[in-house]
Structure formats: C-alpha cells, structure tokens
Amino acid sequence: MIEEQERLNNIIAKNLARIRADKGLSLQTVGDFIGVSNQQISLFEKGKNRISAAQLYLLAQNLDVGLNEFFISFE
C-alpha cells in the first residue's frame, strides 16, 4: 500500500511540473497560488515533499485544470 501511495505521489509531482511548464508559469507564480515558496514547488515537482489535498485543489483552480489532470499516468 505504501508503494502505491509513493507511485501516486510521483505521478502528481510529474503532472504538476508538466502542467506548470505547459502554461509557461514560473515556480514562484505557482507558489503564490497556494502561499508557498518557489523552493517548495520545486520540492513538490521532484517528489521530495507531498502536496496536501487542499493545495492540490487550489492548484487545479488556479491552473484552470481539472483535478484529474494531476493523476494522469504516462508510464
């Protein structure tokens, strides 16, 4: 079960990076959406730190994507 959680967290991290890049947004801009630093967004994207459900919801709203966009797997 923990392995599945880690896999899902990595999928979310990769999709955050993809969505941010596709929209041409800086780490700082995305961090400002949820009140965290650009370093924190970088850690999220690298899978070093986890994104809370509330943060994920706010990111989806501010990035104008559905929550499902964070769960797309390209593996």
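Scope of this entry: the structure provided in the associated data block. (Residues numbered from 1 in each chain as written. Predicted model: local features only at pLDDT ≥ 70, side-chain atom pairs only at ≥ 80, totals over all residues. Heavy atoms only, no water.)

### Things to note about the nonpolar core
And then number 1: Within the largest apolar cluster, 15 residues are counted, with the highest numbers of intra-cluster contacts made by L16, F44, I51, L59, L63 and F70.
And then number 2: Where this core is concerned, the elements lending two or more residues are α1 (2-22), α2 (27-34), α3 (38-45) and α4 (53-63).
And then number 3: Non-local contacts of L63, meaning those with residues more than four positions away in its chain, are made with L16, I19, K23, L25, V30, F33 and F70. (Core = buried A, V, L, I, M, F, W, Y, C linked by side-chain atoms within 4.5 Å. Buried < 20%, exposed > 50% of the residue type's maximum accessible area, 1.4 Å probe, protein only. Helix = DSSP H or I, 4+ residues; strand = E, 2+ residues; numbered from the N terminus. Contact = heavy atoms within 4.5 Å.)

### What to know about unusual backbone geometry
And then number 1: Here the phi dihedral of D64 falls at roughly 60°; this positive angle occurs in a residue that is not glycine.
And then number 2: When you line up the elements, D64 lands in the segment after α4.

### Description of the pattern of salt bridges
And then number 1: By the definition in use, this model includes five salt bridges.
And then number 2: Between E6 and R50 there is a salt bridge, with the nearest N and O atoms lying 3.1 Å from each other. You can see E6 sitting in helix α1 and its partner R50 sitting in the loop between α3 and α4, a full 44 residues away along the chain.
And then number 3: Note on E6: relative accessible area 33%, which makes it partly exposed. (Salt bridge = Lys/Arg side-chain N within 4 Å of Asp/Glu carboxyl O.)

### Description of the packing of α2 against α3
And then number 1: At a minimum axis separation of 8 Å, α2 and α3 run at an interaxial angle of 95°. Comparing their axes, α3 and α2 come out roughly perpendicular. Contact residues: α2 offers L27, Q28, V30, G31 and I34, while α3 offers N38, I41, S42, F44 and E45.
And then number 2: Each residue belonging to the contact of α2 with α3 can be placed in one class, and the counts come to five nonpolar, four polar and one charged. (Axes fitted to C-alpha atoms, helices over the stretch in contact; angles between N-to-C directions. Parallel < 35°, antiparallel > 145°, perpendicular 65-115°, else oblique. Nonpolar A, V, L, I, M, F, W, Y, C, P; charged D, E, K, R; others polar.)

Scope: geometric values only; no functional claims are made or implied.
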